[in-house]
Amino acid sequence: MTVGSLLGGVGRARLLWLSLASLAVAAGTAATAGALGQEASGREPEPYLVWGILGLAGGYASLSAGGQAVAAAPGKVRLLRGWRENPGSVQVLVVLTALGTAASIAAMVLGLNHAFGGIRASTLSAAVYYPTMALAGWAHALAASALKTRARQEDPAPDLLR
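Cut-off values and rules
Residues numbered from 1 in each chain as written. Predicted model: local features only at pLDDT ≥ 70, side-chain atom pairs only at ≥ 80, totals over all residues. Heavy atoms only, no water. Helix = DSSP H or I, 4+ residues; strand = E, 2+ residues; numbered from the N terminus. Expected span 1.5 Å × (residues − 1). Buried < 20%, exposed > 50% of the residue type's maximum accessible area, 1.4 Å probe, protein only. Core = buried A, V, L, I, M, F, W, Y, C linked by side-chain atoms within 4.5 Å. Axes fitted to C-alpha atoms, helices over the stretch in contact; angles between N-to-C directions. Parallel < 35°, antiparallel > 145°, perpendicular 65-115°, else oblique. Left-handed = near helix turned anticlockwise from the far one by under 90°. Contact = heavy atoms within 4.5 Å. Nonpolar A, V, L, I, M, F, W, Y, C, P; charged D, E, K, R; others polar.

**Student:** With reference to specific residues and values, describe helix α2 (residues 12-40).
**Tutor:** When the terminal C-alpha atoms of α2 are compared, their 42 Å separation across 29 residues agrees well with the 42 Å that a helix rising 1.5 Å per residue should span. Those residues of α2 not exposed but buried are L18, A21, A24, V25, G28, T29, A31, T32, A35, L36, Q38 and E39. Among the residues trailing α2, G42 stands out with phi positive, at a value near 90°.

The following block contains the structure:
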């Protein structure tokens, strides 16, 4: 299965929702990166952190759209148990999600130990975690699309001419 065929199976409304959520994540991550720059220079990052909420909202919107795709799937979506059944694009997104989650936790732990100077641990962790949430939403939506495609291939349409 190609990425194009998987995106076609997601549905237009859900694809638009995921795309807009990803844009919000990108804007929120950029604002959070601006807050990191402000904190590193010793200034107050408050204006940037307000816009960072966009990333959080976009991440949860992406997770919600992915969850709705999983709920609408014709069977169980198994990302880890059915690893070999998933297309390569889904596997890449799952691995990137796991790496992003680990990096976010590491940033939080190191930040709490003041390893990054004056930068708050929560700001640094958020800059890593927002994109991770979006990746998880996309992974679930594409896995559900692959499941729908496989179900269609295994159960062809009935012959109406008989």
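There's plenty left to go through after this.
**Student:** How would you explain the nonpolar core if you had to name every residue and give the values?
**Tutor:** Within the largest apolar cluster, 17 residues are counted, with the highest numbers of intra-cluster contacts made by V10, L18, V90, L93, A141 and L142. Residue assignment for this core shows that the elements contributing at least two residues are α1 (3-10), α3 (46-72), α4 (88-112) and α5 (121-154). It is α5 that provides the largest number of residues to this core, a total of eight residues.

**Student:** Can you break down the packing of α2 against α5 residue by residue, with the values?
**Tutor:** Following both chains from N to C, one finds α2 and α5 inclined at 165°, their axes separated by 8 Å at the closest point. Here α5 runs roughly antiparallel to α2, going by the angle between their axes. α5 is crossed by α2, and the crossing has left-handed handedness. Taking contact as the criterion, the partners of L15, L18, S19, S22, V25, G28, T29, T32, A35, L36 and E39 in α2 are, on α5, T123, L124, A126, A127, Y130, P131, A134, G137, W138 and A141.

**Student:** How would you summarise the side chain of T29 if you had to cite specific residues and measurements?
**Tutor:** Within the secondary structure, T29 is located in helix α2. Apart from the residues within four sequence positions on either side, T29 is in contact with A127, Y130 and P131.

**Student:** Mind laying out the side chain of S104, listing which residues take part and the relevant values?
**Tutor:** Relative to the helices and strands, S104 resides in helix α4. Assessed through its relative accessible area of 6%, S104 is described here as buried. The contact partners of S104, leaving out residues within four places of it in the chain, are S125, V128 and Y129.

**Student:** Pulling in residues and values, what's your account of the packing of α4 against α5?
**Tutor:** When two helices pack together, you describe them by how their axes are tilted relative to each other and by the distance separating the axes. For the pair α4 and α5, interaxial distance at closest approach is 8 Å and the crossing angle is 165°. Considered as vectors, α4 and α5 are oriented roughly antiparallel to each other. Remark: the crossing between α4 and α5 carries left-handed chirality. Per-class residue counts for the contact of α4 with α5 are 18 nonpolar, nine polar and no charged.

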